[in-house]
Amino acid sequence: MKRSPRRTDKIYVQKKSKFEETSRHNNVPLSRQSAQDLDSLSNLDKRFASRYPVEVAIIYQKCWMQFSSLCHGLLGGLGLGHWLYIVCNFNTQDHAFLIHYAYYSGIYVGLFFALCVICLVSVFDRLDVGHLQSHDLAEFFKQKKCSFLVIVYVTCLTIHLATAPYDEKLSLLAYRNHTAIGNSEGNHTVLFTENSTFLETTITYSELKTWNHLSLWRALLAFVAWIVLGFQPPEDMLQNHLKSMEAYLPDK
C-alpha cells in the first residue's frame, strides 16, 4: 500500500519571471487591488451601518409625516375643486351634467376616501393615540388643534360614507345609453336601455338634492381641515416620544 505524499510547509509564489519558495505560515503581502477591495468593503460597511429599531422608526415617521402633509393638501384641493364644480353647476344639473360627472364619479369617490383615511391616521399619529389611556382624555382635548382636526376628519369621512349610495347611482349613469330626468315633483329618473323594454329606476330629484348638500359639506370640511393644518401644523407627539427613547440606546 502506497503512502500519501508527505505534507510540506513550502509553497511557491509566482513573481515577475520565476517562482520563489516561501513558507506556508508566512504572511503573503496583499496586492494593490486586494487592498483596494478591502477598503471598499470597509467603506460599504460604514455606509450601511446597522441601526437600532428606534432610529429606523424615527426615519420612517419623518418620511410618513412629509407624505401625509402632501395628502392633506391633495384632499383639501380636491375638496375645494369639487365644491366649486357643484356650486357653479348647481342650477344646471341636467342630463349632460350628470352624464359628464358619472365618468369621473368613481375615481373621485375612491381617491377622496383614501386621502381622508390617510389624513385621519396622520392626525392620530400627531396625537400619539397609542399611548393615550382612558384617564388621559383631558390631555386629548388640551391639544385643541389636533382634537378639532380629528372631529372634522371623522365627520368628513362619515358624510362621505353616507353619500356613497348616491355616488354609486350617479356613476351607473355612465353605463346607460339614454337618460330622461323626471319632473320636480319627485318622479324618478328613468333610463331606457337597448336590451330592456322596461323602465329602470335610478335616482330621484330628492336624492339628487340630498347628494348636492352632502357633497358640499364633505368638500367644505376637507378644505377647512387643510387650512387649519396649513397655518400652523400641530406638534408630532409620536415623533417626540420616539426621540425620547433614543436616550436609552447603548451608544447614547
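Residues numbered from 1 in each chain as written. Predicted model: local features only at pLDDT ≥ 70, side-chain atom pairs only at ≥ 80, totals over all residues. Heavy atoms only, no water.

**Q** Explain the overall build of the protein here, please?
**A** Helix and strand counts for the protein come out as seven helices and five strands. Helices and strands in the protein line up, N terminus first, as β-β-α-α-α-α-α-β-β-β-α-α. Put simply, the protein has 252 residues, and 30% of those count as buried. Long-range pairs, those at least 24 residues apart, make up 69% of the contacts in the protein between residues at least 6 apart in sequence. A total of about 17300 Å² of accessible surface is found on the protein, and carbon and sulfur atoms cover 60% of it. (Helix = DSSP H or I, 4+ residues; strand = E, 2+ residues; numbered from the N terminus. Buried < 20%, exposed > 50% of the residue type's maximum accessible area, 1.4 Å probe, protein only. Contact = heavy atoms within 4.5 Å. Areas by Shrake-Rupley, 256 points an atom, 1.4 Å probe, with all protein chains shown as cover.)

**Q** So what exactly am I meant to see when it comes to helix H6 (residues 205-231) here?
**A** Along an α-helix, residues three or four apart share an orientation, since each turn contains 3.6 residues. Taking 1.5 Å per residue, 27 residues should reach 39 Å; H6 reaches 40 Å between its end C-alpha atoms and fits that length. Buried residues of H6: Leu-208, Trp-211, Asn-212, Ser-215, Leu-216, Arg-218, Ala-219, Leu-221, Ala-222, Ala-225 and Leu-229, and no others. (Expected span 1.5 Å × (residues − 1).)

**Q** Whenever I open this one, the environment of Ala-219 confuses me. Can you help?
**A** Tracing the sequence through the fold places Ala-219 in helix H6. Accessibility expressed as a relative area gives 0% for Ala-219, which makes it buried. Spatially, the C-alpha atom of Ala-219 lies 8.3 Å from that of Gly-81, the residues being 138 residues apart in sequence. The residues touching Ala-219, leaving out its near neighbours within four places in the chain, are Gly-79 and Trp-83.

**Q** Sorry, what's going on with the confidence of the model for the protein here?
**A** For any part of a model where pLDDT is low, the fine detail of the predicted coordinates should not be relied upon. Residue-level pLDDT values for the protein average 75, and 65% of them are 70 or greater. With pLDDT under 50 throughout, residues 177-201 is counted as low confidence; its partners more than four residues away or in other chains account for 44 contacts. (pLDDT = per-residue confidence, 0-100.)

**Q** Quick question: what am I supposed to make of helix H3 (residues 95-127) here?
**A** Here H3 spans 46 Å end to end across 33 residues, near enough to the 48 Å set by a 1.5 Å rise per residue. At Tyr-104, H3 shows its strongest bend, of approximately 45°. Count one or two residues on from H3 and you reach Asp-128, which has phi positive near 55°. (Bend = angle between axes of the 7 residues up to and from the residue.)

**Q** What is the right way to read the UniProt feature "transmembrane region" (unreviewed entry) in the protein from this model?
**A** Mapped onto this structure's residue numbering, the UniProt feature "transmembrane region" (unreviewed entry) falls at residues 67-86, 106-125, 146-166 and 214-231. Measuring from the first to the last C-alpha atom of residues 67-86 gives 29 Å, for a span that is 100% helix and 0% strand. Between the C-alpha atoms that bound residues 214-231 the distance is 26 Å, and the span itself is 100% helix and 0% strand. (UniProt positions renumbered as here; feature names shortened; annotations may be inferred.)

**Q** Is there a simple way to think about the side chain of Ser-122 in this case?
**A** Inspection of the secondary structure puts Ser-122 in helix H3. Assessed through its relative accessible area of 0%, Ser-122 is described here as buried. Setting aside its immediate chain neighbours within four residues, Ser-122 contacts Trp-64, Met-65, Ser-68 and His-72.

**Q** For this particular structure, what's the right way to read a nonpolar patch on the surface?
**A** There is a patch of nonpolar side chains on the surface, built from Leu-80, Trp-83, Leu-84, Val-87, Phe-148, Trp-217, Leu-220 and Val-224 and spanning about 650 Å² of accessible area. Elements with a minimum of two residues in the nonpolar patch: helix H2 (53-88) and H6. By the element assignment, Leu-84 lies in helix H2. Classification of Leu-84 by relative accessible area gives partly exposed; the value is 41%. (Patch = residues over 30% accessible without salt bridge, like charges linked within 9 Å, V, L, I, M, F, W, Y side chains within 5 Å. Salt bridge = Lys/Arg side-chain N within 4 Å of Asp/Glu carboxyl O.)

**Q** Sorry if this is basic, but what is going on with the pattern of salt bridges here?
**A** Pairing between side chains becomes possible if they bear opposite charge and their charged atoms approach one another. Inspection of the entire model under this criterion finds two salt bridges. Here Asp-167 and Arg-218 are joined by a salt bridge, their closest N and O atoms 3.1 Å apart. With Asp-167 in helix H5 (residues 144-171) and Arg-218 in helix H6, this pair connects stretches of sequence that are 51 residues apart. Residues Asp-167 and Arg-218 agree in their burial class; the two are buried.

**Q** What is the right way to read the nonpolar core from this model?
**A** General note: in soluble globular proteins, nonpolar side chains tend to be found buried as a group. Core analysis: the biggest nonpolar cluster contains 36 residues, and Leu-75, Tyr-153 and Leu-170 have the highest contact counts within it. Contributing elements (two or more residues each) for this core: H2, H3, H5 and H6. For this core, the leading source of residues is H3, giving 14 residues. (Core = buried A, V, L, I, M, F, W, Y, C linked by side-chain atoms within 4.5 Å.)

**Q** Mind showing me how you'd approach the environment of Ser-105 here?
**A** Tracing the sequence through the fold places Ser-105 in helix H3. Distance from Ser-105 to Glu-168, taken between C-alpha atoms, is 8.1 Å for residues 63 residues apart in sequence. Not counting the four nearest positions on each side in its chain, Ser-105 is found in contact with Asp-167 and Ser-171.

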